[in-house]
Amino acid sequence: MTATSNTMQVAQAFNRFGLGGGLTDAIPADPVAWLNTQLQGPDPLANSGISSTYGLYLGNNVLAATTVAARAAAVTSLRNFFSQEQRNFIANALTTQTPFRERLVWFWTNHFAILAGGPVTTGTAGAFVREAIRPHVTGTYTDMLLAVMQHPAMLVSLNNDVSVGPQSPYAQQQQKGGINENLARETLELFSVGLASNFAQADVDALAYILTGWTVSLTGSTAGFIIASDQHQPGAQTLLGVTYPGTVFDGYQALSALATHPATYQLLATKLVTHFVADAPDPADIAVVVRALSQSGGNLAAAAAALIGLANAWLPQTKLRTPLDFVVAAGRAAGTPVTYAAHLAADVAALDQPLWQPPFPNGWPDTAGRWASPAQMMQRTNWANAFSSNYRLTDPAAVTNAALGGLLSTSTASVLARLSSTHDKLTLLFCSPDFQRR
Amino acid sequence: MTHHHQPARAASGVRLTRRATLGGIGAALTLATLPRSAAASVALPQRLVVINMLGGVDGLAMVVPYGDAALAGLRGPLLPPPVGSAGGLFDLGGFYGLTPAMPNLYAMFTANQALAVHAVAPIVPTRSHFLGQNALQGGEGNASGSGWINRLTGLLPTIGGGVEAGVVMGLQTPPIAQGATQFCGWGPSAYPGAANTLAALIETLGASDPLIGGPIQSGFNDHALLQGWINAGGSSKGLSPFAAAMRNAGLFLAASGGPAVAVIETASMDTHSSQVQRLNPLLSDVDAGLGALANAAGAAWASTVVMTVTEFGRTAYVNGSGGTDHGSGFAMLLAGGAVKGGRVLGTWPGLGAGMLLDGRDLQGTTDIRAVAMGVLRDHMRLTPASLATVFPGTGVSPLSGLIA
């Protein structure tokens, strides 16, 4: 391998698979090995820090407030905590030495997109990543799906917490209650078999009934996910041709079957290859990842390793960076201190991608179309200009090398050479097509 | 915002007073600060605004068919007070009532500047947001992967010196505006701009990129014009982000050299729970936006059509959590001085026994493309061949009589 191609490969490993080269990052001698190593062992942040129980407490304080003043105070506490969670997430992204693994965390978090909109989801969004996503990024998809579907953030985000079996004891007694099919539909469409499987409305209904009673207790010693058996719809349900007897635990079997369904592997592989290779992925590449999932029982580390092995994944700069990608990559290249992470979280929101607040359960767009807009490009330019003014004492050549390494184009290099101020050089670097892509 | 309290007088009053004011400011601006636009204008005076109400807005809550005997049984807890009572529905002629959350729109109705089409059918019958939005924004039968508003703007003539024929309000280009024809765009700006010399270098460097070259060039080239039109429009204080964007769209459409078509999105219409509490503020916001756009458009309002679209309607019944799930037929709103308003059009399929799709959803009886094509033909003056470019292979006839 020539020196040049190794430099290119390192840059590709940093940018395509990682979160962008960091100012002080060591250059791996073997980029492929460097990526594969990141798939070993547990994520140190899995189940770390403050649990979702605290987020439920903060959220419930808002919901249960009986005076305007109490509510305002509770909202402030909740918002502060949410900001802290966002800050910690960005701070970790700036410094992590396992950026490929962290990109996988981002990917799966966006796949299971929750909307931190109401009190409970806002309180538990950060914990959702630590508790439902991180532990399973290199585990099985079944385990991740089950963890997600038992997490308060998802149950509330897609309304399963208020889905009640109409013939359940609770509904009979209260003379009210019915299903809410939101989570069931999106689980079929987005989290498992997808539209290509031609699931029917009857399947949506069946999964919704199966999941009735899967809800959230906001307070006390039971705070968290609970199965409220008195809200569960009695009777057998048939989902995708499989009949489940009607117990409150059918959801585990049903979700496990969905997680390992061939159509699910096809959907997951398509999304992964779209993220790691190209907006219009090659079916042959998708087939490779499908095979990795099938042969491993849905092991996500196996899928990630298969991505590394795709030749097309090493074709540089086919993907446009999302705002989160763009801001974090700039921060890593410039050596942004973690004390600045809260600002970067606000910047990501100003670029129209507020963390954990996508408008739809299919998450933020992972292709260029929506982000390649005039106003987005102007905002990125103006942000880069403002951001770069903080780094007047940094060596611009070092930042450029960290950011692009072997992927620096001659056209960008020649314009950089004509500029004299560090501020201008960094602004132009971050606005260049070389940097806007990954 | 006085027009919330005095809807009927507000719309016409707004229109008349602002028409005079804005004409004066616009003329001064053109001469004094924006010479580039002095000779520029889109060749046609017609203006079109498309509001995509993402998530599937509940047509039965927006334009309430209170005259249908089956409604109360299906919708009881979600229904606003009846016509004539405090905070009640605005009557739209004896069968339909407009949500009380939209007084500006009601004023436009009474001024014959707004209409609704009810029981509109989505292009593709689906309860998937994503399939539905793909079909809605792309238009079925379109093999190019472009959006139909993009194809429309590709057909509109422009004169040099102005901005592109289409503008996207926001920092993302929705699929409906994606395609071969470059749009201009505007979003809330959070940072001061880069210095001019650097801006020119950034633009030159980015121009050749096939993904972002067009947006970068458009962003830089149009910035001064768009910013100038906004600055000349006075304060936007007190407006929500959506209403402020609508106001900006109105200013752009009214400007000499401004775009003919604006695209804007509003999200969160996916009201699976607590619909009354969630939907009313959203519809109020849309309504405030309509008022702000009409205000800002001034004289251009007379030649404007604002059209709402969505991917599907919602279940006719209320679900277990005070919300509604994904359904089918929905309501479309058309507002603007060019609309032959004051009416609710469409064929009402009924909500009674046996009339609901799959026993749960309002049936659509008018294809959404018939409405869109009616606007494009009669308002935007598209020929049959051009219509077939925007909506290829539909087999759908344009709906007549939408335009005054």
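Just so we're clear, the structure is a prediction, and the values are computed from it rather than from any experiment. (Residues numbered from 1 in each chain as written. Chains lettered and ligands numbered in written order. Predicted model: local features only at pLDDT ≥ 70, side-chain atom pairs only at ≥ 80, totals over all residues.)

1. Considerations on the overall build of chain B
Part 1 of the reasoning: For chain B, the count of helices and strands is twelve helices and twelve strands.
Part 2 of the reasoning: Within chain B, contacts between residues at least 6 apart in sequence are counted, and of these 75% link residues at least 24 apart. (Helix = DSSP H or I, 4+ residues; strand = E, 2+ residues; numbered from the N terminus. Contact = placed C-beta atoms within 7 Å.)

2. Comments concerning the overall build of chain A
Part 1 of the reasoning: On a plain count of helices and strands, chain A comes out with 23 helices and four strands.
Part 2 of the reasoning: The C-alpha radius of gyration of chain A comes to 23 Å, within 12% of the 22 Å expected for a compact globule of 438 residues.
Part 3 of the reasoning: Within the span of chain A, comprising 438 residues, buried residues form 58% of the whole.
Part 4 of the reasoning: Residue pairs in contact within chain A that sit at least 24 positions apart in sequence constitute 72% of those at least 6 positions apart. (Rg over C-alpha atoms; globule rule 2.2 N^0.38 Å. Buried ≥ 20, exposed ≤ 12 C-beta atoms within 10 Å, placed from the backbone.)

3. A short note on the nonpolar core
Part 1 of the reasoning: Residues V289(A), A249(B), M332(B) and L334(B) are the most contacted members of the largest nonpolar core, which totals 260 residues.
Part 2 of the reasoning: Look past the residues within four positions of V289(A) in its chain and what remains in contact with it is A269(A), L272(A), V273(A), A303(A), A306(A) and L307(A). (Core = buried A, V, L, I, M, F, W, Y, C linked by C-beta atoms within 7 Å.)

4. Details of unusual backbone geometry
All names here are of chain A.
Part 1 of the reasoning: Unusually for a residue other than glycine, N159 sits at a positive phi of about 70 degrees.
Part 2 of the reasoning: Mapped onto the secondary structure, N159 falls in the loop between α8 (152-157) and α9 (169-174).
Part 3 of the reasoning: The backbone phi angle of Q317 is positive, close to 55 degrees, even though this residue is not glycine.
Part 4 of the reasoning: As for its placement among the helices and strands, Q317 is situated in the loop between α15 (300-308) and α16 (323-334).

5. Section: the environment of K176(A)
Residue and element names in this part refer to chain A.
Part 1 of the reasoning: Looking at the secondary structure, you find K176 in the loop between α9 and α10 (182-189).
Part 2 of the reasoning: Residue K176 is classed as partly exposed on the basis of its 13 C-beta neighbours within 10 Å.
Part 3 of the reasoning: Placed twelve residues apart in sequence, K176 and V164 show a C-alpha to C-alpha distance of 8.9 Å.

6. Topic: the interface of chain A and chain B
Part 1 of the reasoning: Contact residues are listed per partner, giving 48 residues for chain A and 49 residues for chain B.
Part 2 of the reasoning: Counting only elements with at least two residues in the side of chain A that touches chain B, the list comes to α10, α18 (368-371), α19 (374-388), α21 (410-418), α22 (422-431) and α23 (433-436) of chain A.
Part 3 of the reasoning: The dominant element in the side of chain A that touches chain B, judged by the number of residues it contributes, is α19(A), at eleven residues.
Part 4 of the reasoning: Across the side of chain A that touches chain B, the residue classes tally to 22 nonpolar, 20 polar and six charged. (Nonpolar A, V, L, I, M, F, W, Y, C, P; charged D, E, K, R; others polar.)

7. Observations concerning the packing of helix α8 (residues 213-232) of chain B against helix α9 (residues 241-254) of chain B
Residue and element names in this part refer to chain B.
Part 1 of the reasoning: Relative orientation of the contacting elements α8 and α9 amounts to 110 degrees, with a least axis distance of 9 Å. The orientation of α8 relative to α9 falls into the category roughly perpendicular. Two secondary-structure elements touch here, α8 through L226, W229 and I230 and α9 through N248, L251 and F252.
Part 2 of the reasoning: In terms of residue class, the contact of α8 with α9 is built from five nonpolar, one polar and no charged. (Axes fitted to C-alpha atoms, helices over the stretch in contact; angles between N-to-C directions. Parallel < 35°, antiparallel > 145°, perpendicular 65-115°, else oblique.)

8. A few points about the environment of A413(A)
Residues and elements named next belong to chain A.
Part 1 of the reasoning: By the element assignment, A413 lies in helix α21.
Part 2 of the reasoning: Since 13 C-beta atoms lie within 10 Å of it, A413 is described here as partly exposed.
Part 3 of the reasoning: The spatial distance from the C-alpha of A413 to the C-alpha of L183 is 49 Å, given a sequence separation of 230 residues.

9. Here we look at α9(B)
Part 1 of the reasoning: Here α9(B) spans 20 Å end to end across 14 residues, near enough to the 20 Å set by a 1.5 Å rise per residue.
Part 2 of the reasoning: Counting buried positions over the 14 residues of α9(B) gives 13, a clear majority of the element. (Expected span 1.5 Å × (residues − 1).)

10. A few points about helix α12 (residues 250-259) of chain A
All names here are of chain A.
Part 1 of the reasoning: Every buried residue belonging to α12 is among D250, G251, A254, L255, L258 and A259, and all of these are buried. End-on view of α12: buried residues confined to an arc of 160 degrees, all on one side of the axis.
Part 2 of the reasoning: Residues of α12 that are buried sit in contact with α7 (141-149), α11 (201-210), β1 (214-217), β3 (237-239), β4 (242-244) and α13 (262-276). (Arc of directions from axis to C-beta.)

11. A few points about the sheet that holds strand β4 (residues 97-98) of chain B
All names here are of chain B.
Part 1 of the reasoning: An order of β2-β4-β3 is seen for the three strands of this open sheet, with the pairing classed as antiparallel. Each having just a single partner strand, β2 (63-64) and β3 (90-91) make up the two edges of the open sheet.
Part 2 of the reasoning: Two strands pair when backbone bridges link them, and β2 and β4 are joined in this way by two bridges, in the antiparallel orientation. In the sheet register, V64 faces β4, and the bridge partner there is G97. (Pairing = 2+ DSSP bridges.)

12. Here we look at the domain arrangement of chain A
All names here are of chain A.
Part 1 of the reasoning: On domain assignment, one finds that chain A holds domain 1 (3-27 + 320-436), domain 2 (38-139) and domain 3 (262-314).
Part 2 of the reasoning: Listed per partner, the contact involves eight residues of domain 2 and six residues of domain 3.
Part 3 of the reasoning: For the side of domain 2 that touches domain 3, the residue count by class is four nonpolar, four polar and no charged. (Domains from an automatic or database assignment.)

13. Describing the confidence of the model for chain B
Part 1 of the reasoning: In this model, chain B carries a mean pLDDT of 87, and residues with pLDDT of at least 70 account for 88%.
Part 2 of the reasoning: Under a pLDDT of 50 for its full length, residues 1-42 of chain B has, in the predicted model, 77 contacts with residues more than four places off or in other chains. (pLDDT = per-residue confidence, 0-100.)

14. Topic: the pairing of β1(A)
Strand residues, when the strand is regular, have side chains that alternate between the two faces of the sheet.
All names here are of chain A.
Part 1 of the reasoning: Sheet topology note: the β1/strand β2 (residues 224-227) ladder contains four bridges and is antiparallel. Bridged to S217 within β2 is G224.
Part 2 of the reasoning: Linkage of β1 to β2, two consecutive antiparallel strands, is achieved through a turn of six residues, within which G220 is found at a positive phi near 75 degrees.

15. Description of the packing of α16(A) against helix α17 (residues 341-350) of chain A
To characterise two packed helices, one gives the angle between the axes of the helices and the distance between these axes.
Residue and element names in this part refer to chain A.
Part 1 of the reasoning: Put simply, α16 and α17 touch, their axes get as near as 9 Å, and they point 150 degrees apart. The two elements α16 and α17 cross, and the hand of that crossing is right-handed. In this structure, α16 uses P323, L324, V327 and G331 to contact α17, whose residues at the interface are L344, D347 and V348. (Left-handed = near helix turned anticlockwise from the far one by under 90°.)

16. Details of the pairing of strand β1 (residues 47-53) of chain B
All names here are of chain B.
Part 1 of the reasoning: Of all seven residues in β1, seven are buried, a share of seventy percent or more.
Part 2 of the reasoning: In β1, alternate side chains face the same way, and those of R47, V49, I51 and M53 on one face and L48, V50 and N52 on the other are all buried.
Part 3 of the reasoning: Pairing of β1 with strand β9 (residues 304-309), which is carried by six bridges, proceeds in the parallel orientation. Looking at β9, one finds that I51 is bridged to T308.
Part 4 of the reasoning: Two elements, β1 and strand β8 (residues 261-266), share six bridges in a ladder whose sense is parallel. For V49, the partnering residue across the bridge sits in β8 and is A262.

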